[in-house]
Amino acid sequence: MSELPNIVLVHGAWADGSSWSAVIERLQAGGYTVTAPQFPETSLADDVARLRQVLNRQNSPTIIVGHSYGGQIMTSLGADAPNVVALVYIAAFGLDEDESLGALLSGGPPTPALAHLIVDEQGFAWIPEEDFVAHFAADVDPVKARVMHAVQQSLSMSTFEDVMGVPAWKSRPTWYLVASEDEAIPPDAERMFAQRMGATTVEVASSHVAMVSHPDEVVRLIHAAAQAAQSASATTASPA
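This report concerns the structure included in the present document. In every chain, residue numbers begin from 1 and rise along the written sequence. Side-chain atom pairs in this predicted model are given and counted only at pLDDT of 80 or more, local residue features only at pLDDT of at least 70, and totals for whole chains, interfaces and linings cover all residues. Each side-chain value is derived from all of the structure's non-hydrogen atoms; neither hydrogens nor water enter the calculation.

Observations concerning the overall build of the protein
- On a plain count of helices and strands, the protein comes out with nine helices and nine strands.
- Here the radius of gyration uses the C-alpha set of atoms, whereas the globule reference equals 2.2 Å times the residue count to the power 0.38. Its C-alpha atoms give the protein a radius of gyration of 17 Å, near enough to 18 Å, the size a compact globule of 240 residues would have.
- In terms of overall dimensions, the protein has a C-alpha envelope of 60 × 35 × 30 Å along the principal axes.
- Remark: exposure states derive from per-residue accessible area (1.4 Å probe, protein chains only) relative to the maximum for the residue type, with buried under 20%, exposed over 50%, and partly exposed in between. Relative to its full complement of 240 residues, the protein shows a buried share of 52%.
- Only the protein chains shown count as cover for residues, and all accessible areas are computed by the Shrake-Rupley method using a 1.4 Å probe. Here the protein displays about 10200 Å² of accessible surface, and carbon together with sulfur accounts for 54% of that area.
- When charges are counted, Lys and Arg are positive and Asp and Glu negative, with His and the chain ends excluded. By convention, charge coordinates are those of NZ in Lys, CZ in Arg, CG in Asp, or CD in Glu. Taken as two groups, the 11 positive and 28 negative side-chain charges of the protein have centres that lie 8 Å from each other. A run of H or I in DSSP becomes a helix once it reaches four residues, and a run of E becomes a strand once it reaches two; helices and strands are each numbered from the N terminus.

Here you go:
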């Protein structure tokens, strides 16, 4: 069997790399090489550049796992994603060509987690602590949720206007975890993303931050993607 693929974890808005801690521990225990960089969230272009920087450091086939806005980052790689063998979406945006986050989110009332965003004078959005604890991370221990709030990475409002080009999921196999209790991205939107990308899909009764509250389920999905990538690699390598 071919060696395990590397795993790159992409955090979303109002989170940071530490949100993957429980997942990282489990993946490392399983023998995976894992990278969970911090993303500036100053613009989508900056975030995609950071992801490419990290991908250039990978020395073997790689699976990208994106949460929330992290899905927007990895989707924006388009077809130019050398060595990327699979995409795993965790309650994440999976836009199609010519779509934007702003247009998608304006199609209905604000979700509870995003209803009271505070936009500062530099144009970055923050989630108030009450909404973060009660809605964004609703099934996380409140003490831990308040720590997550303290380290939240604010998001440039410019990212809501960026229009998607050809999405990466059109040229890579995909997996999707729907968080059925999500109060940031509507679960029906997540189901729609998963369905139209033809993703292997699981549904978990989780808040938006499934990687924090349900790390075992997240790791199982990543492992399933890794097994599929290994099987595909072994088939390709087999002599005719």
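Next comes the rest of the write-up.
Description of the sheet that holds strand β6 (residues 124-126)
- In spatial order, the strands read β5-β6-β7; together these three strands make up an open sheet with antiparallel pairing. Single-partner strands in this sheet number two, and they are β5 (118-119) and β7 (155-156).
- Pairing of β6 with β7, which is carried by two bridges, proceeds in the antiparallel orientation. Directly across from alanine 125, in β7, lies its bridge partner leucine 155. In this scheme, strands are said to pair when DSSP sees at least two bridges between them.

Brief notes about unusual backbone geometry
- With phi around 60°, glutamate 41 is a residue other than glycine that occupies positive phi space.
- Within the fold, glutamate 41 resides in the loop between β2 (34-35) and α2 (44-55).
- We note that alanine 91 has phi near 45°; this positive angle belongs to a residue other than glycine.
- Of note, alanine 91 is situated in the loop between β4 (84-90) and α4 (101-105).

Section: the packing of aromatic side chains
- Two aromatic rings, drawn from Phe, Tyr or Trp (for Trp, its six-membered ring), form a pair once their centres lie within 6.5 Å of each other, and the interplanar angle then sorts them: stacked below 30 degrees, edge-to-face above 60, tilted otherwise. This model, assessed by the stated rule, comprises three aromatic pairs.
- Seen from their ring centres, tyrosine 89 and tyrosine 176 are 5.9 Å apart, and the 5° between their planes marks the pair as stacked. Of this pair, tyrosine 89 sits in strand β4 while tyrosine 176 sits in strand β8 (residues 174-179); the two residues are 87 residues apart in sequence, bridging distant segments of the chain.
- The class of tyrosine 89 is buried, set by a relative accessible area of 0%.

A short note on the environment of phenylalanine 193
- Tracing the chain through its elements places phenylalanine 193 in helix α7 (residues 187-196).
- Pairs of residues are marked as contacts when any of their non-hydrogen atoms sit within 4.5 Å. Setting aside chain neighbours within four positions, we find phenylalanine 193 in contact with Ala92, Phe93, Gly94, Leu95, Leu104, Tyr176 and Ile185.

Focus: the sheet that holds strand β9 (residues 200-204)
- Reading across from one edge, β2-β1-β3-β4-β8-β9 is the order of the six strands in this open sheet, with parallel pairing throughout. What marks the edges here is a single partner per strand, and that holds for β2 and β9.
- Relative to β2, strand β1 (residues 6-10) runs parallel, the two being bridged by two bridges. Across the sheet, valine 8 pairs through a bridge with threonine 35, a residue of β2.
- In this fold α2 packs onto β1, β2, β3 (62-67) and β4, with an angle of close to 165° to the strand it touches most, β1. Throughout, an axis means a line fitted to C-alpha atoms (over the contacting stretch in the case of helices), and angles, computed between N-to-C directions, take values from 0 to 180 degrees.

Some words on the pairing of β9
- Inspection of the sheet shows β8 paired to β9 by five bridges, in the parallel sense. Across the sheet, the residue bridging to valine 178 is glutamate 203, located in β9.

Details of α7
- Among all positions of α7, only Pro187, Ala189, Glu190, Phe193 and Ala194 are buried. When α7 is viewed along its axis, its buried side chains cluster within an angular range of 160° and face the same direction. Every exposed residue of α7 that faces more than 90 degrees away from the buried side is listed here: Asp188 and Gln195.
- Of the surrounding elements, those touching the buried residues of α7 are α4, β8 and β9.
- Within two residues after α7, glycine 198 carries a phi angle of roughly 65°, on the positive side. Working definition: the arc comes from the directions between the helix axis and the C-beta atoms, pointing outward to the latter.

Digging into the pattern of salt bridges
- Any carboxyl oxygen of Asp or Glu that lies within 4 Å of a side-chain nitrogen of Lys or Arg is treated as forming a salt bridge with it. Counted according to the given criterion, the structure contains six salt bridges.
- Here aspartate 80 ties to arginine 52 by a salt bridge, and the two come within 3.7 Å at their closest N and O atoms. Placement of the pair is aspartate 80 in the loop between α3 (69-75) and β4 and arginine 52 in helix α2, with a sequence separation of 28 residues.
- The partly exposed category is assigned to aspartate 80, whose relative accessible area is 47%.
- Residue classification places arginine 52 among the partly exposed residues on the basis of a relative accessible area of 25%.
- Of the charged contacts in the structure, one is a salt bridge between lysine 170 and aspartate 96, with a shortest N-O distance of 3.2 Å. With lysine 170 in the loop between β7 and β8 and aspartate 96 in the loop between β4 and α4, this pair connects stretches of sequence that are 74 residues apart.
- Look at aspartate 96 and you get buried, because its relative accessible area is 17%.
- One connected set of salt bridges, linked through shared partners, spans Asp188, Arg191 and Glu203.

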